[in-house]
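The lines below spell out each chain.
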Amino acid sequence: MTESRPEKYMGQALKRKEDPRFITGAGKYTDDFVVHGMLHAAMVRSSYAHARIGNIDKGGVEGMPGVVAVFTGEDVKAAGIGAIPPGWLLPDLKIPAHHAIAQGEVNHVGDIVAVVIAETRAQAEDAAALLDVEYEALPAVALGSDALAQGAAQVHDDVPGNVAFRWEIGDETALNEAFNRAHKTVKIKLRNHRLVPNAIEPRASLAQFAPASGEYTLHTTSQNPHIHRLILAAFVMGIPEHKLRVISPDVGGGFGSKIFQYQEEVIVLLAAQKLGRPVKWAARRSEAFVSDMQGRDHESEAELAVDADGRMLGLRVNTVANLGAYLTLFAPAVPTYLYGTLMNGVYKFPAVHVKVTGVMTNTVPVDAYRGAGRPEATYLIERIVDVMAHELGVDPTEFRRKNFIQPDEFPYQTPVALVYDSGDYEPALDMALNMMNYPELRAEQERMKGTNKILGVGVISYLEACGLAPSALVGQLGAQAGQWESSLVRVHPTGKVELYTGSHSHGQGHETAFPQIAADELQIPIEDIDLIHGDTGRMPYGWGTYGSRSAAVGGSALKMALGKITAKAKKIAAHLLEASEEDVEHEGGVFCIKGAPEQAKTFFDVSLMAHLAHNLPEGMEPGLEATAFYDPKNFVYPFGTHVAVVEIDTDTGHVKLRGYGCVDDCGPLINPLIAEGQVHGGIAQGAGQALWEDAAYDDEGNFLAGTFMEYAVPRADDLPTFQIDHTVTPSPHNPLGVKGIGEAGTIASTAAVANAVMDALWHECRIEHLDMPYTSEKVWKAVRDARAAGMGQAADD
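Residues numbered from 1 in each chain as written. Predicted model: local features only at pLDDT ≥ 70, side-chain atom pairs only at ≥ 80, totals over all residues. Heavy atoms only, no water.

With that settled, the discussion passes to the sheet that holds strand β14 (residues 312-324). Overall, mixed pairing links the five strands, which are arranged β7-β15-β14-β13-β8 in an open sheet. Each edge of the sheet is formed by a strand with only one pairing partner; in this case those strands are β7 (163-170) and β8 (184-195). Direction aside, neighbouring strands of the sheet carry axes that sit 10 degrees apart on average. (Pairing = 2+ DSSP bridges. Helix = DSSP H or I, 4+ residues; strand = E, 2+ residues; numbered from the N terminus. Axes fitted to C-alpha atoms, helices over the stretch in contact; angles between N-to-C directions.)

Listed below in structure tokens is the structure:
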């Protein structure tokens, strides 16, 4: 029967099924929806970083053309709407109230003071611009370390000293002993500065309310509609969960910024209920800069100790994490369990100790942004590893190689709680170095030394943790959500198949990759399979897409549901063939008796009979449908090596990213084309942080980068052609063996590009460290000052 076997789909670089509708403008995003009687909302946002709210004069705009209503924080309070809670708790966590509309006080530029509802968007925005709000300015603070200083401005009265939490992990005594016997130690201070996510589709929400049934429908730009439904219904709005349907249609990128419960979603739901008409809000790009949750913003001190053989003994980390003005969904988890637990990296550290202080400031809240804690950990580890290599006078690649965890040491217990499932780090390093011709790069670097063009090579070896798990463990650590995923497989009488998943795509290619899994399991053409996602009214409960969990967790749930389908189908086929189940094999898309291929039933035959139910095994239920819930046993741990090459013009300080190569290991590839695309995008975002992007505030909390004129994102002509390859080390913890790839590029590339810049500056002028981003002005000044100091030293000598 092998002649009829369909082509194997897993591992094929299939073009994405969803792309034709996107590139032809046929996608359906939240802001594309127009419903009868729809009103428009415009937010009135604070221009102060910190202020008391005085009188709000509604009368000046309520009579303007098209204006239907003006709501303030008092209206939200009167409606009994609750504060928006964080989704992760820590011991002694201080949680300031985060209301849909500010009540009494604003705490960052962009905080919502009021909302104007009007017949058209233009009318709403015109009226919002004229709403008269009185403010009493209060002292503000923007930098995390400044917020800890004696006499610093208080952001919230109920968060004394601006400290939301203090957290630590690791054995401090063991670490101190390691440092006491160290041959060499190095210490570094570094800033992982703040970023704006800048998804291509700004956030939007459209709310509808049906008074007769009391049912709400919310279309919104969400990575996890079920989580939105849970928080909105049970914790904020106080309505039955089954009375709220959340639909997340096509989503134009998220990068973490569309995980969270935002104020605007609460506002449009309340407005739709109060006014009895649909209400839509869609962000302008300028709004996104001051309302989308931002990322990173760490200030850290790190120390690394090694013995006389260059073996790592211990790592000490002390980090101040700027959380912004409010605690949002994953905010307490990102700088703790997604950061501190990754401080072991790919190395055999006998001891690691991490302290993190979470600090409130008068800035936009900080939460998960592509990588969420792991890029911050990787950057710190890989920078200090290079600094130690310089101190030892050894090649940074050989220092890494000497300290790698070895393949026969897995599963590997780290000093910071995690147990790595599998890994083989040296082949990825060797492949990446060969890909980029590392010896020639070093030779070229020497030839260019002393000229006005210098070369830098940055090598990093990273590890990340994907697919938070298991639910019982993360619950003990403070997660207020499960970390399992669900899938439903529905086979129609004609053999066509619908897959339902609680995961949600916002660019990852689920509509192609998930059917690839199903097509191989069911052995039917992929064209017969569709994926449905993003609608709480159509699928089992799910926890959405973040943390590179879709394939490892959502794909595993799908695999389990498919296994139930094939098991039942085989029982039906055996019954129809009048054979024992053990004598029936499923091959080439048909069920046949072993040794008698002419006695066969197709998948269509089986699915039709499952629904007709004319001839089923005794006691079997009709239909061919299965649901599975998969709760992972452990995280999965992708890894790899990335190499960045930069050329610096010392006359201008301009940094050119000249080359980039990487070897990632995310287990078996479902679709190499999709994986490559994910890596491309991730590298661009990570390189963007290293070289251009900076969400800068002044000391008073004024945002200085509120448009693309001030906030520089990478352009196509800023980036080289990426060279990409993979090793394959399956995870033993899920039925597909897969690991995540969606965040790998960002986790690795910031550190790789930073190391390349600092490698050039170290070899040229012995500059050990500069904080990102590496703007032309910053690099030029550093080179000028270092050369001047060197000439002065030479004169003294």
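Having seen the structure, we can now continue with the description.
With that out of the way, let us pick up the pairing of β14. Judged by how many residues are buried, β14 sits mostly within the fold: 11 of 13 residues are covered. Pairing analysis gives nine bridges linking strand β13 (residues 295-306) to β14, with the strands arranged antiparallel. Across the sheet, residue Glu-301 finds its bridge partner in β14, namely Asn-318. Counted between consecutive antiparallel strands, the loop separating β13 from β14 contains five residues, among which Gly-310 sits at a positive phi close to 80 degrees. Of the strand pairs in this sheet, β14 and strand β15 (residues 351-360) are connected by 10 bridges, and their pairing is parallel. (Buried < 20%, exposed > 50% of the residue type's maximum accessible area, 1.4 Å probe, protein only.)

Once that is clear, we can look at the confidence of the model for the protein. Averaged over every residue, the pLDDT of the protein is 96; residues scoring 70 or more account for 98%. Confidence drops under a pLDDT of 50 for residues 1-5, and excluding neighbours within four residues, the segment shows 11 contacts in the predicted structure. (pLDDT = per-residue confidence, 0-100. Contact = heavy atoms within 4.5 Å.)

Our focus in this paragraph is a negative patch on the surface. Taken together, the side chains of Asp-57, Glu-62, Asp-132 and Glu-134 present a region of like negative charge at the surface. Structurally, Asp-132 can be placed in strand β6 (residues 132-137). (Patch = residues over 30% accessible without salt bridge, like charges linked within 9 Å, V, L, I, M, F, W, Y side chains within 5 Å. Areas by Shrake-Rupley, 256 points an atom, 1.4 Å probe, with all protein chains shown as cover. Salt bridge = Lys/Arg side-chain N within 4 Å of Asp/Glu carboxyl O. Lys, Arg positive; Asp, Glu negative; His and termini not counted. Charge placed at Lys NZ, Arg CZ, Asp CG, Glu CD.)

Turning next to helix α11 (residues 396-403). Burial analysis of α11 places six of its eight residues in the buried class, the great majority of the element. Among the residues of α11, those classed as buried are Pro-396, Thr-397, Phe-399, Arg-400, Arg-401 and Asn-403.

Position of His-586 among the secondary structure elements: in strand β22 (residues 584-587). His-586 sits 63 residues away from Gln-523 along the chain, and the two C-alpha atoms are 8.4 Å apart. Dropping the residues within four chain positions of it, His-586 is found in contact with Glu-521, Leu-522, Gln-523, Thr-566 and Phe-591. Reaching out from His-586, the side chain makes a polar contact with the backbone oxygen of Leu-522 at a distance of 3.5 Å. (Polar contact = N/O pair within 3.5 Å; in protein donor to acceptor, adjacent residues only side chain to side chain.)

Locating Tyr-412 in the fold gives a position in strand β16 (residues 412-413). Along the sequence, Tyr-412 and Ser-422 sit 10 residues apart, while their C-alpha atoms lie 7.9 Å from each other. Apart from the residues within four sequence positions on either side, Tyr-412 is in contact with Asn-344, Tyr-347, Lys-348, Phe-349, Ile-405, Leu-418, Val-419 and Tyr-420.

Let us look at the packing of helix α13 (residues 438-448) against helix α19 (residues 744-765). Between α13 and α19, the shortest axis-to-axis distance is 11 Å and the interhelical angle comes to 45 degrees. When the axes of α13 and α19 are compared, the pair comes out oblique. Crossing angle aside, the handedness with which α13 passes α19 is right-handed. On α19, the residues touching Arg-442, Gln-445 and Glu-446 of α13 are Asp-759, Ala-760 and His-763. Looking at the contact of α13 with α19, its residues break down into one nonpolar, two polar and three charged. (Parallel < 35°, antiparallel > 145°, perpendicular 65-115°, else oblique. Left-handed = near helix turned anticlockwise from the far one by under 90°. Nonpolar A, V, L, I, M, F, W, Y, C, P; charged D, E, K, R; others polar.)

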